[in-house]
Amino acid sequence: MAWRHGPPGIQRKRTLSSLTDDDSASSKRLRRQSTLTDTPVSSLSPGPSRSRSFFDESDELSRTIHSSPRRPRLSAASSSFIYSNTPSRASSIAGDAMVSGLMRTSSSSDIRRRDSTTPATPTHAPHSAFHVLRSVNTIDYAVTPAPTEAPVDPVPASPVSWSQTNTVVFGRGKRVHIKNMADTEDIAQQLCKVNSGLGRLRLVECGGRDHPNLVALATSNGHVQLWDITAKKMVLNWKMKSVTAMFFGEKVLTVGDEKGTLWHYDPRTKDSTKIKEQGKKVTRHQCPVSKGAWKEGSQLLATGDRQGQVLVWDARHPRTPLDVGEMVSRRRKMQHEGPVTALAWCDWQKRHLVTGDSLPDGKGTIRVWDVVGDNSTSEWPTKIDFDAEVTSLQFSPHIREMLSTHGPGPQPAPPPPPIAIPAAAANAIQPSPPTPILTLEDPFASGPPPPTPFPSEIANSVVVHQFPTMRRVTSVSVATSNIADSYLSPNGHRIVFAVPAESQLKVWEVWGKFKAPKAPSLYEACAIR
């Protein structure tokens with residue numbers, strides 16, 4: 001009787017005559033792979049469609065594969081393999097017989113060796129504006145228009161501010177309202193009403209961390225009032241010649257006027273007559289002050305005017321500005337081409353000040369200044385041009401990103417006014433003119449027509465940049481007209497955009513909450529991967 005598989009009790013041994021001992025060891029190592037699918041290897045490599053094993057080649061081809069320097073090896077970090085479409089050196093020897101090579105999992109050397117010409121896709125954190133930016137709601141507000149005979153203000157009035165107690169203070173004509181942003185269903189309440197004799201409501205500025213319940217109001221006639229939001233009571237008031245800018249410091253309220261003078265007042269003063277007498281005067285700007293900001297936790301103050309000059313002051317030496325900026329005529333200077341309409345200090349890089357301007361032709365520029373070192377040696381961009389005005393700048397306290405708002409951009413020139421014809425001349429009887437002789441006129445006799453500007457891609461939009469690389473993260477249009485200014489919430493997550501032409505304050509969620517990465521457990525740290 002013949003046994004089909006040999007006599008009982010004796011197991012049949014399977015051998016592979018075309019493999020050596022080294023090849024057998026290699027094939028065992030290949031069986032340890034855990035990332036391969038059930039797809040046979042023959043389907044991964046180009047060649048005949050018949051089913052065959054990966055090692056069903058001639059002895060010479062097998063030796064060539066295993067002796068190739070591209071032979072896969074196990075790394076200490078991982079014992080799995082992945083397939084690559086890169087042909088091995090054996091494929092060039094075998095001609096038409098293409099065999100797919102094996103490549104280990106990603107490492108720094110593999111990344112450099114792979115497609116180095118392919119640009120890397122930037123990744124953004126979950127709390128980045130790339131994922132979070134969205135509209136929340138709107139608030140109705142109104143700005144009293146300036147008289148028609150008044151000159152055009154390059155920094156339009158925007159009486160809005162966001163306090164440290166999460167309360168938005170804004171104007172509706174001559175009335176000032178407050179709204180608690182912690183309660184979405186809260187209705188805005190009236191704080192006060194500005195009398196007609198005081199002028200138009202022009203500026204609103206909330207106090208910092210040292211004065212969370214204070215808010216300063218300024219009118220077009222130079223009247224300044226300090227109000228307590230909680231008690232809804234006026235604390236101080238005094239009269240100045242004019243007010244063009246206003247910003248709180250730790251223990252000071254700084255006011256800029258039409259002549260470029262800076263006045264420092266102590267809001268802790270209890271008497272209205274003494275606060276004006278105790279005010280400290282600093283002169284250096286030669287035109288109206290348009291923007292300013294105290295650096296939080298520091299003694300530095302930055303101010304900008306309508307001629308484009310930016311100055312940095314130290315409270316310990318308040319009479320003379322710091323010698324910072326670019327070298328111009330043997331002295332350092334920070335200068336814009338247009339009026340300074342945006343200014344912000346970087347929260348996490350203590351040496352950087354960012355400013356923006358608005359040119360008459362509808363364009364704008366963002367400048368990055370190093371107030372400690374030399375601005376010309378920076379490895380990052382220090383000047384970025386835009387085809388729309390820069391109206392405000394905001395830094396996120398949670399991620400290295402900066403937000404800028406922009407105006408409508410270049411506008412086409414208005415058509416010439418029609419020629420007025422007197423009524424007597426229009427009604428006079430004119431003799432019948434002779435038959436005209438048709439002549440061809442040169443359409444370009446008076447020169448080519450002026451070019452029509454293209455609409456800006458970021459007109460009335462919000463642009464978020466990575467800082468200090470200034471790489472654009474995202475941009476979105478939030479209005480149909482000029483965004484006058486923006487105001488950051490105390491927690492740094494939301495921003496209010498003021499759009500006077502639409503009589504709305506647009507509340508947007510810009511940055512999310514930072515979540516610290518979870519620390520690996522002891523089991524995960526010791527587990528074999």
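In the block above lies the structure referred to throughout.
Going along each chain's sequence as written, the residues are numbered from 1 onward. At least 70 in pLDDT is required for a residue's local features to be given in this predicted model, at least 80 for side-chain atom pairs to be given and counted, and no such filter applies to totals for whole chains, interfaces and linings, which use all residues. Here the side-chain values reflect all heavy atoms present in the structure, with hydrogen atoms and water set aside.

Engineer: Honestly, the pairing of strand β6 (residues 175–180) in this entry has me stumped. Any pointers?
Structural biologist: Every other side chain in a regular strand lies on the same face of the sheet, so the side chains alternate between the two faces. Pairing between strands is defined by DSSP: at least two bridges between the two strands are required. By the criteria applied, helices consist of DSSP H or I runs no shorter than four residues and strands consist of E runs no shorter than two, each listed in order from the N terminus. As paired strands, strand β5 (residues 167–172) and β6 are joined by six bridges and run antiparallel to one another. From the neighbouring strand, G171 faces β6, where its bridge partner is V176. Taken together, β5 and the strand that follows it, β6, pair antiparallel across an intervening segment of two residues, in which G173 is found at a positive phi of about 70°. Relative to strand β7 (residues 189–193), β6 is paired through four bridges, and the arrangement is antiparallel. Pairing of R175 across the sheet is with K193, part of β7.

Engineer: What's the story with the sheet that holds strand β13 (residues 253–256) in this structure? I'm lost.
Structural biologist: Hydrogen bonds between backbone atoms are what pair the strands of a sheet, whose relative direction is either parallel or antiparallel. Here we have four strands laid out as an open sheet, ordered β12-β13-β14-β15, and antiparallel in their pairing. Strands with a single pairing partner mark the edges of an open sheet, and in this sheet they are β12 (245–248) and β15 (280–283). When strand polarity is set aside, the average angle formed by the axes of neighbouring strands in this sheet is 20°. Axis angles are defined between N-to-C directions and span 0 to 180 degrees, where every axis is a line fitted to C-alpha atoms and, for a helix, only to the segment in contact.

Engineer: I keep staring at the pattern of salt bridges and nothing clicks. Help me out?
Structural biologist: Between side chains of opposite charge, pairing is possible as soon as their charged atoms come close. Basic side-chain nitrogens of Lys or Arg form a salt bridge, by our definition, when they fall within 4 Å of a carboxyl oxygen of Asp or Glu. Taken as a whole, this structure holds eight salt bridges when the rule is applied. With a shortest N-O distance of 3.0 Å, D370 and R351 are connected by a salt bridge. One end of the pair, D370, is in strand β23 (residues 364–370); the other, R351, is in the loop between β21 (340–345) and β22 (352–358), and 19 residues separate them in sequence. Classification of D370 as buried rests on a relative accessible area of 10%. On the basis of relative accessibility, which here comes to 37%, the residue R351 falls in the partly exposed class. Across the salt bridge formed by R494 and E509, the nearest N and O atoms sit 2.5 Å from each other. Note that R494 is positioned in strand β30 (residues 494–499) and E509 in strand β31 (residues 504–509), a separation of 15 residues in sequence. Between buried and exposed lies partly exposed: a residue is buried under 20% and exposed over 50% of the maximum accessible area for its type, with that area taken using a 1.4 Å probe on protein chains only.

Engineer: What is the right way to look at the side chain of H336 in this model?
Structural biologist: Tracing the sequence through the fold places H336 in the loop between β20 (331–335) and β21. Within 3.5 Å is the distance limit for a polar contact, defined as a pair of N or O atoms, with the added protein rule that one can donate a hydrogen and the other accept it, and that residues adjacent in sequence qualify only through two side-chain atoms. At 2.6 Å, the side chain of H336 and the side chain of T355 are in polar contact. Look past the residues within four positions of H336 in its chain and what remains in contact with it is Q307, G308, V310, T355, G356, D357, T365, R367 and W369. We call two residues in contact when some of their heavy atoms are within 4.5 Å.

Engineer: What exactly am I supposed to notice about the packing of aromatic side chains here?
Structural biologist: Geometrically, a pair of aromatic rings is defined through the distance of the ring centres and the angle of the planes. Any Phe, Tyr or Trp ring, taking Trp's six-membered ring, that has another such ring centre within 6.5 Å forms a pair; planes under 30 degrees apart are called stacked, those over 60 apart edge-to-face, and the others tilted. All told, the structure shown has five aromatic pairs when counted by the stated rule. Here the aromatic rings of W348 and F395 are separated by 5.6 Å at their centres, their planes lie at 80°, and the arrangement is edge-to-face. Separated by 47 residues along the polypeptide, W348 in the loop between β21 and β22 and F395 in strand β25 (residues 390–395) bring together distant segments of the chain. Between W348 and F467, the ring centres sit 6.3 Å apart and the planes meet at 75°, which makes this aromatic pair edge-to-face. Separated by 119 residues along the polypeptide, W348 in the loop between β21 and β22 and F467 in the loop between β27 (461–466) and β28 (472–477) bring together distant segments of the chain.

Engineer: Where do I start with empty space enclosed by the protein in this structure?
Structural biologist: Once rolled over the atoms, a probe with the size of a water molecule shows which space is left empty. Here the term cavity refers to a set of points on a 1 Å grid, laid over the protein atoms alone, in which a 1.4 Å probe fits but cannot get out; the term pocket refers to an open set having protein on both sides within 12 Å along at least five of seven lines, with lining residues being those that place an atom within 4 Å of a point. Grid points are joined across faces, edges and corners, and a volume is the space filled by probe spheres set on the points. Summed over all chains, the structure comprises two cavities of 30 Å³ or more. Roughly 40 Å³ of internal volume is contained in the second largest cavity. Around the second largest cavity, the lining residues are V194, L198, L217, T219, H223 and Q225. Only β9 (214–219) and β10 (223–228) provide two or more residues apiece to the lining of the second largest cavity. Partitioned by chemical class, the residues of the lining of the second largest cavity number three nonpolar, three polar and no charged. Under the convention adopted here, Pro, Cys and the residues Ala, Val, Leu, Ile, Met, Phe, Trp and Tyr are nonpolar, Asp, Glu, Lys and Arg are charged, and Gly plus all remaining residues are polar.

Engineer: Honestly, the sheet that holds strand β18 (residues 309–314) in this entry has me stumped. Any pointers?
Structural biologist: Pairing in this open sheet of five strands is antiparallel, and the strands run β16-β17-β18-β20-β19 from one edge to the other. Among the strands making up the open sheet, the edge pair consists of β16 (289–294) and β19 (326–328). Pairs of neighbouring strands in the sheet enclose a mean axial angle of 40°, with direction left out of account. Both β16 and strand β17 (residues 300–305) contribute to a ladder of five bridges, which runs antiparallel. Of the residues in β17, the one forming a bridge with A293 is A302.

Engineer: Would you mind showing me how to read the nonpolar core here?
Structural biologist: The tendency in soluble globular proteins is for nonpolar side chains to be buried as a group. Residues belong to one nonpolar core when they are buried, are Ala, Val, Leu, Ile, Met, Phe, Trp, Tyr or Cys, and are joined through side-chain atoms within 4.5 Å. The biggest cluster of nonpolar side chains holds 17 residues, and the ones touching the most others in it are V354, I366, L393, F395, M402 and F467. Of all elements in the fold, only β21, β23, β24 (383–386) and β25 reach the threshold of two or more residues within this core. Of the residues forming this core, the biggest block, three residues, is contributed by β25. Among the nonpolar cores identified, the runner-up in size contains 16 residues, and V464, V473, A479 and V499 belong to it.

Engineer: Explain the environment of V310 to me, please; I cannot follow it from the model alone.
Structural biologist: With respect to the helices and strands, the residue V310 is situated in strand β18. Each C-alpha atom of the pair V310 and P339 lies 9.9 Å from the other, and the pair is 29 residues apart in sequence. Those residues within four positions of V310 in sequence are excluded, and the remaining contacts are T303, G304, M334, H336, V340, L353 and T355.

Engineer: Mind showing me how you'd approach the environment of D257 here?
Structural biologist: With respect to the secondary-structure elements, D257 resides in the loop between β13 and β14 (261–265). The class of D257 is buried, set by a relative accessible area of 9%. Sequence separation between D257 and V289 is 32 residues; the distance between their C-alpha atoms is 6.2 Å. Discounting residues that sit within four places of it in the chain, D257 has contacts with S242, T244, W263, P288 and V289.

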